[in-house]
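# Structural features, examined
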Amino acid sequence: MVDAKGRNMKCLTFFLMLPESVKSKSSKSSKKANASGSPKLPPVCYEIITLRSKKKKKMAADIFPTKKPASTTTVQQYQQQNLNNNNTIQNCNWQGLYSTIRERNSVMFNNELMADVHFVVGQPGKTQRLPGHRYVLAVGSSVFHAMFYGELAENTDEIHIPDVEPAAFLAMLKYIYCDEIDLSADTVLATLYAAKKYIVPHLARACVNFLETSLSAKNACVLLSQSCLFEEPELTQRCWEVIDAQAELALRSEGFCDIDAQTLESILQRETLNAKEIVVFEAALNWAEAECQRQDLTSSTDNRRKVLGKAMFLIRIPTMALDDFANGAAQSGVLTLNETNDIFLWYTAAKKPELQFVSMPRKGLTPQRCHRFQSCAYRSNQWRYRGRCDSIQFAVDKRVFIAGFGLYGSSCGSAEYSAKIELKRQGVLLGQNLSKYFSDGSSNTFPAWFEYPVQIEPDTFYTASVVLDGNELSYFGQEGMTEVQCGKVTFQFQCSSDSTNGTGVQGGQIPELIFYA
């Protein structure tokens, strides 16, 4: 259509029902028309409204800028109702409450409204029936697209999924509908399984990131087993880093007893386990006892040896200290009499018998040292102690495990020191130990170890502290550095308010951090 000035116009026709007063006029006009023989007009008139077209298209949020979006409380109420599967939309114009398609789509999450498919999720006796919308699911997952719109599409209105937990399936649906990731330690593994099964890669990546950040010695063995199952090599590598560095904690954790036999064998044959062999042996026996329960077997020595199978020979029993073997493994009952005799001969005889057990010690991990001073010195009036605390703060750019500190010793000949070392994060104690070390009078550093290495996360400052008791005059560091590169790890240092004996970035005690990376 062209207006009087020759401009193009678009017509939008609105069929508007006119008021009664107009209807009556229209009715009279129609009667006159009928009387004159004209065709009969309908009793209702419609008006044609012509609007000028706009060059720029606008979205709904632009057209109604004064419209307030749905409050956070309202959205949370809808989401809570959806989680409970009891969402009832009382407002007939609920679409108008939300300004974006994401918010309107979120209302459909776990909602019976317009649902065209249902899922019965969970094992028999623990199932939950969840509503879904084929189009939304197909947009979020290629598996759902093939299921509903592919060549082999299912026509059934109810789909049974016994291998996925309801909470995990709901977490996946929430991501597909709401673009929100809601993970917890209890459901993350099950959610990762669901995301892998239905090929939702971004949710799967979020699950892996969650697991990596929550990784510790307590759950590393279980996560190792799951990471291999889910084919997540980066997570597998992270698990091995924790297990190697904190092997004794990992082997003594409850999660170790829950791993499968294949994962057990991979851990027992690990060359870099940083643990005593007696700890490895005891962990294997604990696993065997749990496996007997899983197989409904009595936990006898014969059954424990049976469920261990060939994994028994991956334990390097001949590398144990003789006391550990005599008081532990030899009296455990899982070794045969011939095996026990042969191992004793291995320890004592010049001509050693052949053994089925591996006789070479594990290599373990080589500790690295971050030295933060460029020189050291001593003076007649420094460095004194008297129960005061030397402390420094540090941060790293990669996960490491602090095994201990390197400390200066006496500057007046040989002396013995008692060292109480601590490691804190934001005031929370992560590790401490009371140990002794002997100083030979040189300017060398001497190690003070934690009982177990302490896991250090990147980009967070930790506080290293020591209280020394011994010869008051010792060496101290000078020309301290705020940043030190150790291999692939960068350390940053800053002063600590806990330091009451003068140690800081530029000088003092705690010249070295001993770590595994």
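Reference entry: report on the structure contained in this document. Here the structure is a predicted model, which means the values were calculated and not measured. Every residue gets a number counted from 1 within its own chain, in the order that chain's sequence is written. pLDDT decides what is reported in this predicted model: residues at 70 or higher carry local features, side-chain atom pairs at 80 or more are listed and counted, and totals for whole chains, interfaces and linings draw on all residues regardless. Side-chain numbers come from the whole structure's heavy atoms, not from hydrogens or water.

## Comments concerning the overall build of the protein
Defined as follows: Secondary structure elements are defined from DSSP: runs of H or I of at least 4 residues count as helices, runs of E of at least 2 residues count as strands, and each element is numbered from the N terminus. The rule is simple: take the accessible area with a 1.4 Å probe, protein chains only, and divide by the maximum for that residue type; under 20% is buried, over 50% is exposed, in between is partly exposed. By definition, residues are in contact when any of their heavy atoms lie within 4.5 Å. Using the Shrake-Rupley algorithm and a 1.4 Å probe, accessible areas are obtained, with residue cover drawn only from the displayed protein chains.
Assigned secondary structure in the protein consists of 17 helices and 17 strands. Taken over 517 residues, the protein has a buried fraction of 44%. Counting only contacts in the protein whose residues sit at least 6 apart along the sequence, the fraction spanning at least 24 positions is 72%. As displayed, the protein has an accessible area near 28500 Å², and 52% of this comes from carbon and sulfur atoms.

## What about the state of the cysteines?
Our working definition: Put simply, a disulfide is two cysteine sulfurs that come within 2.5 Å.
Scanning all chains against the criterion turns up 0 disulfides. Unpaired in terms of disulfides, C486 finds its nearest cysteine sulfur in C370, a separation of 3.6 Å. Judged by relative accessible area, C486 falls into the buried class, the value being 10%.

## Let's talk about the side chain of R305
You can see R305 is positioned in helix 15 (residues 301–308). Take R305: its relative accessible area is 17%, and that puts it in the buried class. In this structure R305 touches M312, F313, V334, L335, T336 and E339, once residues within four positions along its chain are discounted.

## Considerations on helix 8 (residues 188–197)
Among all positions of helix 8, only V188, A190, T191, L192, A194 and A195 are buried. Those residues of helix 8 that are buried are in contact with helix 7 (166–178) and helix 9 (201–213). Just beyond helix 8, the residue with positive phi is I199, at close to 50°.

## Describing the packing of aromatic side chains
Aromatic rings in a pair are described by how distant their centres are and how their planes are angled relative to each other. To be explicit about the condition: Ring pairs are drawn from Phe, Tyr and Trp, using the six-membered ring of Trp, whenever the two centres fall within 6.5 Å, and their geometry is named by plane angle: stacked under 30 degrees, edge-to-face over 60, tilted for the rest. A ring is considered to have a charge above it if a Lys NZ or an Arg CZ atom is located within 6 Å of its centre and within 35 degrees of its normal.
Tallying each qualifying case throughout the model produces 19 aromatic pairs. Following the ring pairs from residue to residue traces out a cluster consisting of F119, F144, F148, F169 and Y198. Across from the ring centre of W346, 5.4 Å away, lies the NZ or CZ of K352, which sits over that ring. The ring of F493 has R372 lying over it, and the distance from NZ or CZ to the ring centre is 5.7 Å.

## Examining the sheet that holds strand 4 (residues 128–132)
Threshold: Any two strands between which DSSP finds at least two bridges are classified as paired. Fitting a line to C-alpha atoms yields each axis, with helices limited to the stretch in contact; the angle taken between N-to-C directions then spans 0 to 180 degrees.
Strand order in the open sheet formed by 3 strands is 4-3-5, with mixed pairing between adjacent strands. With one partner strand each, in any of the chains shown, strand 4 and strand 5 (158–161) form the two edges of the open sheet. The average angle at which neighbouring strand axes cross in this sheet is 25°, direction not considered. By the bridge criterion, 5 bridges tie strand 3 (residues 117–121) to strand 4 in an arrangement that is antiparallel. Paired with V117 across the strands is G132, a residue of strand 4. Packing of helix 7 onto the sheet brings it into contact with strand 3, strand 4 and strand 5, and relative to strand 4 it is tilted by some 10°.

## A short note on the pattern of salt bridges
Quick reminder of the rule: When a carboxyl oxygen of Asp or Glu is within 4 Å of a side-chain nitrogen of Lys or Arg, the pair counts as a salt bridge.
Applying the stated criterion across every chain yields a total of 20 salt bridges. Measuring nitrogen to oxygen at the nearest pair gives 2.8 Å for the salt bridge that ties D163 to K197. Here K197 lies in helix 8 and D163 lies in the loop between strand 5 and helix 7, a separation of 34 residues in the sequence. Between E248 and R252 there is a salt bridge, and its shortest N-O distance comes to 3.9 Å. With a relative accessible area of 47%, R252 lands in the partly exposed category.

## Thoughts on the sheet that holds strand 10 (residues 415–425)
Note on sheets: strands pair through backbone hydrogen bonds, and any given pair is parallel or antiparallel. In space, the 6 strands of this open sheet follow the order 11-10-13-8-16-15, with antiparallel pairing throughout. Looking at which strands have only one partner, the edges of the open sheet turn out to be strand 11 (428–439) and strand 15 (483–486). Neighbouring strand axes in the sheet, compared pairwise and without regard to direction, differ in orientation by 25° on average.

## Some words on a nonpolar patch on the surface
Here is the rule: Patches here: salt-bridge-free residues with over 30% relative accessible area, like charges joined within 9 Å, nonpolar side chains (Val, Leu, Ile, Met, Phe, Trp, Tyr) joined within 5 Å.
On the surface, a nonpolar cluster with roughly 380 Å² of combined accessible area is contributed by Y135, V139 and Y149. Turning to its location among the elements, Y149 is positioned in helix 6 (residues 142–149).

## Considerations on unusual backbone geometry
At N110, a residue that is not glycine, the phi angle is positive and equals roughly 55°. Examined against the element boundaries, N110 turns out to sit in the loop between helix 4 (101–107) and strand 3. Classification of N110 by relative accessible area gives buried; the value is 0%. Phi is positive for D296, close to 60°, though the residue is something other than glycine. Tracing the backbone shows D296 in the loop between helix 14 (277–294) and helix 15. Accessibility expressed as a relative area gives 72% for D296, which makes it exposed.

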